[in-house]
Every structure is written in structure tokens, then in C-alpha cells.
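In case you want the letters, here they are:
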There are 4 protein chains.
Amino acid sequence: MLHTIKKIGVLTSGGDSPGMNAAIRSVVRTCAFHDIKCYGIYRGYEGMIDGDFIEMDARSVKGIINKGGTILKSARSKGFRTKEGRQTAYNQLRKAGIDAFVVIGGDGSFTGAMVFNQEFNFPVMGIPGTIDNDIYGTTHTLGYDTALNTVVEVIDKIRDTASSHNRLFFIEVMGRDVGHIALNVGVGAGAEEILIPEEDLGLDRLVESLRRSKASGKSSSIVVVAEGDKIGKSVFELKDYVDENMTEYEVRVSVLGHMQRGGAPSCFDRVLASRMGVKAVESLITGKSNYMVGIKNDVMDLTPFDQAVKGKSKINMELLRVSDIMSI
Amino acid sequence: MLHTIKKIGVLTSGGDSPGMNAAIRSVVRTCAFHDIKCYGIYRGYEGMIDGDFIEMDARSVKGIINKGGTILKSARSKGFRTKEGRQTAYNQLRKAGIDAFVVIGGDGSFTGAMVFNQEFNFPVMGIPGTIDNDIYGTTHTLGYDTALNTVVEVIDKIRDTASSHNRLFFIEVMGRDVGHIALNVGVGAGAEEILIPEEDLGLDRLVESLRRSKASGKSSSIVVVAEGDKIGKSVFELKDYVDENMTEYEVRVSVLGHMQRGGAPSCFDRVLASRMGVKAVESLITGKSNYMVGIKNDVMDLTPFDQAVKGKSKINMELLRVSDIMSI
Amino acid sequence: MLHTIKKIGVLTSGGDSPGMNAAIRSVVRTCAFHDIKCYGIYRGYEGMIDGDFIEMDARSVKGIINKGGTILKSARSKGFRTKEGRQTAYNQLRKAGIDAFVVIGGDGSFTGAMVFNQEFNFPVMGIPGTIDNDIYGTTHTLGYDTALNTVVEVIDKIRDTASSHNRLFFIEVMGRDVGHIALNVGVGAGAEEILIPEEDLGLDRLVESLRRSKASGKSSSIVVVAEGDKIGKSVFELKDYVDENMTEYEVRVSVLGHMQRGGAPSCFDRVLASRMGVKAVESLITGKSNYMVGIKNDVMDLTPFDQAVKGKSKINMELLRVSDIMSI
Amino acid sequence: MLHTIKKIGVLTSGGDSPGMNAAIRSVVRTCAFHDIKCYGIYRGYEGMIDGDFIEMDARSVKGIINKGGTILKSARSKGFRTKEGRQTAYNQLRKAGIDAFVVIGGDGSFTGAMVFNQEFNFPVMGIPGTIDNDIYGTTHTLGYDTALNTVVEVIDKIRDTASSHNRLFFIEVMGRDVGHIALNVGVGAGAEEILIPEEDLGLDRLVESLRRSKASGKSSSIVVVAEGDKIGKSVFELKDYVDENMTEYEVRVSVLGHMQRGGAPSCFDRVLASRMGVKAVESLITGKSNYMVGIKNDVMDLTPFDQAVKGKSKINMELLRVSDIMSI
């Protein structure tokens, strides 16, 4: 017989991303729709351990669908990595009568949820929230589409300066170990080269390519570098190498940094967040647990946490070829 | 034996949409990559009839990937609907040595290309460029994603006023006969109701729903209305009906209009345009003709023009349910 | 001897405008800085009559500096136009111990404050919040600069379509009886003609000017029309007139509407709001009353309410000449 | 007797800024309006030396009013710092029949123009184009208002993350030796502290202030640091100092970099550029030379180059006090 869910907790964990608030809103309202009580858990697993909960109803999440960040705050929790910490968290949830939770975050957050589920047989469901799109089991994580737009808009601005001064810019973008952001914004912003962890171009070929680009009549160049790229130790070392080996360009560096995580979510991310929240809550209601909600071919899908955590999110190699053709 | 393509023409036709320039750029550069000459055809089929062509190389399309509109201009052509017009167009293409063309536009443009292909056995390929997403054979048309973002940003602004004054706003958005834009921006902007051609809510149920919404504690409301919706004769008549039948709200109307077609394309649309241009040109090179390039499950795909034109682009009914839950 | 101010109320009244929240924040924090209690008054004078007050401290206004609209809501109050209504409002203020208030709004709101001050000798101070910039005694009202940017961005988008299709667009913008917005966005968006209430161009000269513009090689045209302009009865009638008298253009109309009032305030408006809030509260503290805070030559300034209300905000006629030269 | 101006050159020099294209457009169209020929000079003084000129008419500057960067390109010229270089430049101008020029740039560019004028008695006029607002004789330089908006929007995004994680962010903004940008975006973005060259806060007082801020209930903090600030050797050293002396916050650094120079100009900058271009050309026509066009109290004004170059642009100290009050 199914245990009936009466109170669901919702938390955001790990780095924040645009769309997290829209997902919180969706979880809260789907609970309200099904007459389930909903509690917000502050500061991720840290707040779970502290029992830092707040009851939320449909009106509590008014006006947040378009806000970046997370109203529930986020944090990384050392405590939750210990058995004692998780036991305390469990006790807090029990005390509050919460009998399932939805965690919005990345693979670290899902690993925590999975362990917690194994230890206490507690129903959990995950929603992938990270701009890096580095999670297996979903073609899009929450915030990824927004980050792509944020970054191309910034590169558009930098190109104004680059093309006014015939400069070469190395622009470092986020993405952790994968090149999703770099590859897409590279194509989208018309970069001459894109350096991603999945492909080792090599410094010599980079210089060669930039030279060819200059020879073909281009007066300025943008090179997008994924933060996880291994070609140089850092984007500043890249600059130094090119400075030493090329005289054709004046070289500049821009590390975009944290602005990439903020801002109002795109329409796509708002809709995705709304859909994922519904799917997460209704999956818990029907007795499912230990899954991450994902989107595949525009359909909501569930992936077991262990696969989501171990699997690898692959970049679209077609885009590398498109980029090569476009930068002729 | 395959006829070898040596000169490809490219034109934009019908209403403009963000991403058309990025697609032109992609067609031109893919031609350059394969050592094929490329000609821009101005003002759609009208310019084809007039022989208004310009040779384009990789540098001709510099700095346009992020520009709205179309540098090749667009127009609707009466002449091309006549046999004489198309014959003249064919003569012009022959005279210029153009042996295939890529048309970027909507279903009307594809119908024209299909007829032209049948009459002259002339290789043609289509790229779907319209914000309405009303074309069969592709989950996304060029400009659709950008328009969604443009519209939610505008509704966010209107909501500032709506919620400051406890008002009800009817906001009419584009989309021709289909509700794609309305449905997605409705969910994305947190609208209380979404009126689309695919679903007839009825005026009574609309008023009832708005009353329930007010009773549940909402102080302001946004109703998104697709331009193709049949519920009222116009959004202004909707306002009048609600004014007469509800006293709970002060009602306002906003018709968003042409701004929805403009603006810098989103990253998604720029990447999609780049991929579609490559696919269109390389399909022509390999001897294919009379197809529209589309994207399905994130993979480039070809759909015969007659299917693209006759088929129907369907909305995602799951979103209607999500919208109902979200507006609790 | 000066009566010492211990509790200040703050309200927003009339149409909302970007920067109102930043001004509320400034009033609240300046009160906190001077150890004065601050109360938010909801829904303008309507909430004053209802005693709908909330105590606010420095943290109550966290995170609102960049939000459009007004967290205190706004409304137009019929009650406050009656002696009884104002008496009730006075009683409510007394009951709550509020001994001065700052009203953020337009000339109607200031008239109300002035009358109230005369009747009850109650200290009041005004901050001009309206996008129309139609208030005497300040070169800029709160929200005006933001609205200018909102509108030029929208016209930029419409121009993408206009220039892709060789169209003529009539774009109606806000501004009540004055042409500030129309004149500035007209110059800023590169409009071919600007129709404002302060200058009667006449329909014949408009058509003549558009013809000259076409003849000079322009393929598309934007005409910005102030909502207060008297040239035609409406922008739609303008379109009809041009349709009948010119064949050179395809004509379209866009009425921008309420989106012009919303959105995150510009940096200028945020800074202006912050300065005005400080000035308003510190003026009350030093015993001043019945003034509107304004900015003149980048210096904070006070204008008596009766002058602010009766005076006329004049447009910069130099801009008309600049516009004529630019549209050559 | 006045020498009649028949051909005017226009160039952009030094770092680019939003509004430069709008100023070029204005110079070109004002020339057309007065039947004066106009030549664009590419790459600043470098292109003047090379004779890299292009004739421009009213249509040459179509569609650039809203574009960042400069279509005429910019460069710093070593050659123009030598007598020989300037002599060559003079010969080139003479050869092309150019008898006056307008230079759009910063103080370095004006110094060059002044020296050139002294040596060759050649009519020159300057338009201040820089985001730094560090020029005497104008309350606003071209691009400054745009940069303020660009930066507050970015800080808004970073604050999403900062407040979701209870972090302290040091954000370095441009501005060369002056604190205009830092001071205004600091107030506009609601920063807790603003570090500018004009005021030495001292590291101890910074830490003290941040501690007070935390104690007052703030969970996150933004400190805006002008690039010219002297408090630490760099923003990264600031971070290290705070890391060592405070345990209350997790500290992050963001250096905004070149994006601050790009983007579509604000309405204010477009209007200002249009006015300045008219003033510059018409001043040359009436025989004036060796002045910079500026805006003071919303009126066009001329300042002799030597004063513009030697004078100091002062920040508004009132804003420092406003910032202190706002960050309570």
C-alpha cells in the first residue's frame, strides 16, 4: 500500500541558477492544487539540519517566476555529508511532519538526496538546476538557456569594442567540466574559435587558426574559452602565449564570472521550471522516489538519481563543425 | 548523374523574424566553405523577378548574426503567384547562373518554392523563419524562441503596473492561427488565463475563472490572448464583456503588435539559424531539393515542402494543464 | 518652536512609474538613519483613509531598488477629494501617530497633499513620480529616463521590421499633454517625424515631409506620435489619412501602451530616487512643508506645491531643430 | 573675413564608447543639412596620417544611431605624437580638400587636436566620447549614461547570486582616475560600500563597515570598487584582506571589464550625441575652432580645449552621503 504524501518540502541546493524560483513556485502551487501542504526549506541541506522551514501556500510564491536567484537561499552543507548530519535532518523533517522533499540543484545535491533516501527510505525527487547543463538525463537544466542569452548579449557588447579597435578577445565563460555554454555561445556570438574541454585544439593550432582568420580579412576576433578547458592553465596564460607568438592582434581578456548565474529567466526556463515542478510533485504523489525530473525531446522524463549522477552529459559535436564553417 | 551546384541564391520572404540574418550568414558562409558562389536575392520573390541580386562572400555577412530583421529585405510578391512572374524569375536566375536557392520564410514562401520547383525542376530548399512556430516538420521556427523572450519581458513590465493598481490586463500576442506564443508566454509570465484558438474556453468560464482568481487572493490578473483566438471578436470586445460582467477589476488592454517580430535573436535562434543554413546548403550540394530544413529532438531534419505546408503544427497540451495548476 | 517629527508616512499615488520603489526605499532608510519611525501607507490616499498602514524599517525595503511598480500599491481616490475623506485620513494618521508624510506621485497627488496641508496644517512633502515629465520645478520626474530607454528599445525592434519591409510606422507613445517622451525618443530612435502637442505640424506638411523623406532614398520611416498630439483624432486616423494620400508606403500602427510604465528603473532614476528621498525626509525634519522635491542642474531643489501644480513643464525646442536636421 | 568651410572630416579616437556612432551620424547629417561635404576618417589619427578617408552622405550613416562601438574604428596613434606624423596628416587633409575636422574622443584625443590646431591653424572641434565622464567642461560625456545602465544591470544579476548565498562581492568597475561610474552605480545598485579614488576609506574602516552591515541584518553585500581606487593594490588583494580579517562572509570578486564599453546607447546618449554633432559642425561653420562641445545644465556649451584637458571633472559629493544613508 502506498504511503500517502501529505507534506512536501522543497529546497534549493548548490550554486543558484535562473529558474530556481520558478521551480519553487511550481512545486508550491502543484502541492496546493493537490491539497498537499508545502514547506520551504531554507539554505539547502544546511537549513534541513537546522529545521529552518516555512510553510508556503500558493500566494507565498507570487511574483517570483521572473526573479533570478532563489528565495529559499542556497548553501553547500558539510553537515549533510556526515551520517549525524543526515540523521538530524531526518529528525527535523519528521518533527515537522514532512514526508517527502523536492531538491532543486546539481549532481552534488542529487547525491545527497540519494544517500538520504537509501538511509531513511525517505521519498525524494530532484529538479536539475544549474547553468552548466552538465547533468545526464535531461537535455536542458534550469538556467542553462538563460545563461546562454546572458553570455551572448555580453559578448555582443565586447564585440563592439573588439571590432572598433581590431582586437582579439579571449572570453572565459562558465560550464564546469563541460563545454555546453562555450560551444553554444561561441556559435551564437560568432566566435572565431571555441575552446572546450571535450576537444583539445592545441596552442599551435589556435595560433594558426587566428592567423588564417586575420588573413581572410577579419579585423577582430573573439575566442570563447570554457572554464574547464585544458589548453592553457588559464585564460591569462593563453593571452601571454598569443602575445608572444602573434603580432597581428592586440589581445585582451575578459572573465565573465558570476553575472552568468543571475538575471530573469528566459521564457524557456520559466516554462521548463513550471513543468518540472508539476512532474516532481505528481511523481511523489504517485509513489515514485529517487528520480530526477528531466526533459527529453520536449517530454517530461524521469532518470534514477544514480544514473543522473554517474552519467555524462554530452555536447553536440555537430556544433563544432558548424562553428568551423561559420568562422571561415 | 548529379548536377553540380555552383551558384546558390538566398532570399527572405514573408514576415521577417529574428534569426533570418543569422540564417543568411550561415547560407553564405557554408557556400564559401564549399567554394560555391552565393548571391543574395533582395525583397524575396519580388527581387527574384526583378533580378535584384548581389554577390556575397564570407565577409559580406560580417556582424549580422545578432541583428533583427533581414538585410536582404522581405516582401510579399503578387507577381510570383502568376506563371509569368515565375517564368521571369526563372529567367533571371538562369541569366545570373544561379542553379539553386534557399528561401527563408513561412508556409506561403514554401508553397511558392514548391510550385517553382515543379515548374522548372529547379533545386530549392527552405528554412522556416517565422515567430509564429506554425510550421509542420520542425519543433522550432527561427525567431520563435526570441519572440517568447521579447513577449515575457514586456508582460513582466505590464505586470509591474497591473499589480501596483490591482488591474486586469488583456494582452494580445501574435501567433496567427496557432497558440504557441500565447501558451508559452502565458505560462512563462504567470498569466491567470490563456486564450488560444486550439481551446474554446467560453466567455462565461473566463469570467468565472477570473472571479475565482480574485477570490483566491490575487489582486491583479494577466490574461494572454492569442491573436487567432475566437472567443471574442477582438481583445477590446473581451474587455467590454468583462467590464459589463465583473466589477472586481479595473480592466486594461494591450496589443503588443510588431515589436514582437524584432530584436536581436536569442542564442538558441542564432545557433538554430547557423545549423539550418549549413543543412540547407549541404542538402542542395548532395542533390536534395524541395525540402524544408527543420529541427526535431535537437537533430537537423528534412521535411518535403508539401508536408510542411499541409501539415499542422500542434501545441503541447501538457502546457494547458501546467497553466491551470500554476494559476491556482 | 519646531514640532519634532517622530513618525513619517510614505505613499505612492496616481499612475505608477519606475523608481517609485527606489524612492520608498530612500524615504524609509533616511528615516531609519535619523531615528524616525516610518510607516508605509498602502494604495495612496485610499489607504490613508482606510488606515492601511505598515511599519517599515531599513530591512523592509531590501531588494526593491531595481523593481518597477510600487510595493505600496497605488490608486486614485475619490474619497480624498471630499472634505470628509480627508478628515478621516487625518484622523487615521493621528491615531497612528504619524506626524508628516511624503507622497510620491504626479500633480493630482500634489494637489491633494496641498489641500490636506492647508486644512490640517499637516507637514507634507512631494516627490515627482511619473514617466511623463510633465511637472514644473524639476527637470526630471522619476521614471521618465527609464521610459525613454524602454521606448527607444521597442522602436529599435519595430524598425527591424520596418526597414525589412519598407514600411511606414506610426508609433504612439505616452506623455499626457506634453511631448517630452515623444520628442526625446523620436530623436533617440531616429524617427523621420515627431508629432507633439506643442507644435502643430499639420497633416499636409506631414505627408509632404514623408514624401521628401522617401525621395531622399529612405526606404522605411518611423513617425513618433505623442498621445497628446492634436494633429489627428487618433493615430489610426493618421494612418487612414496617409493611406489615402500616399501610395509610397505600406503603413502600420503601433500603440505602445502600458509597458512604458514598467520595468527596472535606469541607473539615473535609481540615483535620483535615492537623492529625492533623502531630501524629502530631511526637509521635513528641518521644518519645511508643502514642497515638491525636484532636481535642477543636478542639484536637489524645492518648489512650493502650488507652483509645481500650476506651472508648466516646457519641452526643449532645440530638440525639434535637431530632429529636423537628423531626418534629412 | 571668415574662411568658408566646405569639407569637414570626422574621426573617433581613443577608447570607444556607446554614442560615438550616433555622434558620427549627427556630424554627417548636419554637414548634409548645410551642404557641406563630409569625410569619415578611419582609425583615428592613424587613419588621418594614412589618408584613409571615405566620403559620407546622409544615407551612409543609416541605421547606426543605436549601434555600440564606432563604424569609423578607433586607434591610438604614436605617429600623431610626432611632428612628422602631424605634418603628414595635415598634407593628407589638404590633399583631400578637408578644411576642418571633428574629433570624437577623450582628453588624449583633444590634446592631439589642440596641438594640431596650433601648428597648422587648422579648424578643429571636439566631442567628448568616453564612458568615464572624466572630462572638464561637460556634465556628461558620450557613453557615460549607457555604461551606468550596463553596469547596474550586471550588478543586479550578481546580486541574485550574492543574496542567494549570503556572499560578499567586490565588483570592479571602470572609470580611470575618477569615481563617477563607481559612485553612481554603487548608489543605483544599492551597494553597501563604494570605493573611489576621491575618498580614501581605509581598509580598517571598510572591514568595520562590512561588519556593521552584517550585524544590521544584511545577509549579502556588494562593494563597488572604482578601477582607479587606491585602497588596495587590486580588487583581488582587497578580497584577500577581507578573507583574513572577516569570517562573516564568503568573498567573491568580479572584474566587469570591457563589456562596460559596448552595447546600444541609452536614449540620453543618443540625444546627447545628436545635439553635440549639430553643435560641433555649426560651431565650425560660424568660424569657431579649438573647442570641445559639452552639455551644462542641459544646454550645449563650448569649452576651450586647453581648459577641457587641464580641468578636472569632479564627482558629486552629495552622492557619497546618500550612499551612506542608503546602506544603513
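Keep in mind the model is a prediction, meaning the values are calculated, not measured.

Asks: Help me out: how do you make sense of the overall build of chain A in this one?
Replies: When helices and strands are tallied, chain A shows 11 helices and 11 strands. With the C-alpha coordinates aligned to their principal axes, the bounding extent of chain A is approximately 70 × 35 × 30 Å. Counting across all 328 residues of chain A, residues that qualify as buried make up 65%. Expressed as a percentage of contacts within chain A between residues at least 6 apart in sequence, the contacts between residues at least 24 apart total 76%.

Asks: Just to check I follow, could you spell out the pattern of salt bridges for this structure?
Replies: For side chains of opposite charge, pairing can occur when their charged atoms come near one another. As enumerated under the stated definition, the model contains 76 salt bridges over all chains in all. Of the charged contacts in the structure, one is a salt bridge between D:Arg176 and D:Asp134, with a shortest N-O distance of 2.7 Å. Pair noted here: D:Arg176 is in the loop between β6 (167–173) and α6 (180–188) and D:Asp134 is in the loop between β5 (124–128) and α5 (144–165), with a separation of 42 residues, a long-range link. Taking the relative accessible area as the measure of exposure, D:Asp134 reaches 14% and is therefore buried. A salt bridge links D:Glu248 to D:Arg211; the shortest N-O distance between them is 3.2 Å. Of the two residues, D:Glu248 is situated in the loop between α8 (235–245) and β9 (250–255) and D:Arg211 in helix α7 (residues 203–215); the sequence distance between them amounts to 37 residues. By relative accessible area, D:Glu248 is classed as partly exposed at 30%. Overall, the relative accessible area of 37% leaves D:Arg211 in the partly exposed class. A single salt-bridge network, built from bridges that share partners, covers A:Asp107, A:Asp132, A:Asp134 and A:Arg176.

Asks: For this particular structure, what's the right way to read the domain arrangement of chain A?
Replies: Accessible area lost when the parts come together is the quantity often used to give the size of an interface. All names here are of chain A. Under the domain assignment, chain A is made up of domain 1 (7–143 + 265–310) and domain 2 (145–261). Centre-to-centre separation of domain 1 and domain 2, based on C-alpha positions: 35 Å. Listed by partner, the interface residues are 13 residues for domain 1 and 12 residues for domain 2. Of the roughly 1100 Å² buried between domain 1 and domain 2 on both sides combined, carbon and sulfur atoms contribute 47%.

Asks: What exactly am I supposed to notice about the relation of the copies chain A and chain B here?
Replies: Relating one copy of the chain to the other takes a rotation about an axis and a shift parallel to that axis. Mapping chain A onto chain B calls for a rotation angle of 180 degrees and an axial translation of 0.0 Å; the resulting RMSD is 0.0 Å. Taken together, these values place the two copies in the relation of a two-fold axis. If distances are taken from each C-alpha of chain A to the rotation axis, the shortest is found for A:Asn297, at 2.4 Å. Both copies present the same face, since 100% of the interface residues in chain A are matched by interface residues at the equivalent positions in chain B.

Asks: Mind showing me how you'd approach the side chain of B:Thr146 here?
Replies: Relative to the helices and strands, B:Thr146 resides in helix α5 (residues 144–165). Of the polar contacts made by the side chain of B:Thr146, one reaches the side chain of B:Asp269; its length is 2.6 Å.

Asks: Sorry, what's going on with helix α5 (residues 144–165) of chain C here?
Replies: Since one α-helical turn is 3.6 residues long, residues separated by three or four positions face the same way. Here α5(C) spans 31 Å end to end across 22 residues, near enough to the 32 Å set by a 1.5 Å rise per residue. Within α5(C), 18 of the 22 residues are buried, leaving the element largely enclosed by the surrounding structure.

Asks: I tried to follow the interface of chain A and chain B on my own but got confused; where do I start?
Replies: Listed as interface residues are 47 residues of chain A and, on the opposing side, 47 residues of chain B. Interface of chain A and chain B: buried area, both sides summed, is about 3800 Å²; carbon and sulfur atoms make up 56% of it. Three residues, A:Cys267, A:Met326 and A:Ile328, lead the burial of chain A against chain B; their summed loss comes to 17% of the area buried on that side. Across the contact surface, chain A and chain B share six salt bridges. Among the ionic pairs, A:Asp156 bridges to B:Arg270, the shortest N-O distance being 2.7 Å. At the boundary of chain A with chain B, the tally comes to 18 residue pairs in polar contact (both at pLDDT 80 or more). Top element by residues in the side of chain A that touches chain B is helix α9 (residues 267–285) of chain A. It accounts for eight residues. Within the side of chain A that touches chain B, the residues separate by chemical class into 19 nonpolar, 15 polar and 13 charged.

Asks: Is there a simple way to think about the sheet that holds strand β11 (residues 299–304) of chain A in this case?
Replies: In sheet architecture, strand pairing relies on hydrogen bonds along the backbone and comes in two forms, parallel and antiparallel. Residues and elements named next belong to chain A. Strands sit in the order β3-β2-β1-β4-β5-β10-β11 across an open sheet of seven strands; the sheet is mixed. A strand with exactly one partner marks an edge of an open sheet, and here the two such strands are β3 (53–56) and β11. Direction aside, neighbouring strands of the sheet carry axes that sit 30 degrees apart on average. Pairing geometry for strand β5 (residues 124–128) and strand β10 (residues 291–296), over two bridges, is parallel. Residue pairing for β10: Met 125 is matched across the bridge by Tyr 291. This element, helix α1 (residues 20–33), spans β1 (7–12), β2 (37–41), β3, β4 (100–105) and β5 of the sheet and lies at about 165 degrees to β4. Along the sheet, helix α4 (residues 107–120) contacts β4, β5 and β10; its crossing angle with β4, the most-contacted strand, is approximately 160 degrees.

Asks: Before we go on, may I ask you to explain the packing of helix α6 (residues 180–188) of chain A against helix α9 (residues 267–285) of chain B in this structure?
Replies: Put simply, α6(A) and α9(B) touch, their axes get as near as 8 Å, and they point 75 degrees apart. Considered as vectors, α6(A) and α9(B) are oriented roughly perpendicular to each other. Counted together, A:Asn184, A:Val185, A:Val187 and A:Gly188 of α6(A) and B:Cys267, B:Arg270, B:Val271 and B:Ser274 of α9(B) form the full contact between these two elements.

Asks: What is the right way to read the packing of aromatic side chains from this model?
Replies: Residues and elements named next belong to chain B. Tallying each qualifying case throughout the model produces 44 aromatic pairs over all chains. Relative to Phe 116, the ring of Phe 101 lies with its centre 5.7 Å away and its plane at 50 degrees, an arrangement referred to as tilted. Placement of the pair is Phe 101 in strand β4 (residues 100–105) and Phe 116 in helix α4 (residues 107–120), with a sequence separation of 15 residues. The same class applies to Phe 101 and to Phe 116, which are both buried.

Thresholds, definitions, all that
Residues numbered from 1 in each chain as written. Chains lettered and ligands numbered in written order. Predicted model: local features only at pLDDT ≥ 70, side-chain atom pairs only at ≥ 80, totals over all residues. Heavy atoms only, no water. Helix = DSSP H or I, 4+ residues; strand = E, 2+ residues; numbered from the N terminus. Buried < 20%, exposed > 50% of the residue type's maximum accessible area, 1.4 Å probe, protein only. Contact = heavy atoms within 4.5 Å. Salt bridge = Lys/Arg side-chain N within 4 Å of Asp/Glu carboxyl O. Domains from an automatic or database assignment. Buried area = accessible area lost by both parts, 1.4 Å probe. Least-squares fit on C-alpha atoms with pLDDT ≥ 70 in both. Polar contact = N/O pair within 3.5 Å; in protein donor to acceptor, adjacent residues only side chain to side chain. Expected span 1.5 Å × (residues − 1). Nonpolar A, V, L, I, M, F, W, Y, C, P; charged D, E, K, R; others polar. Pairing = 2+ DSSP bridges. Axes fitted to C-alpha atoms, helices over the stretch in contact; angles between N-to-C directions. Parallel < 35°, antiparallel > 145°, perpendicular 65-115°, else oblique. Phe/Tyr/Trp six-rings, centres within 6.5 Å; stacked < 30°, edge-to-face > 60°.

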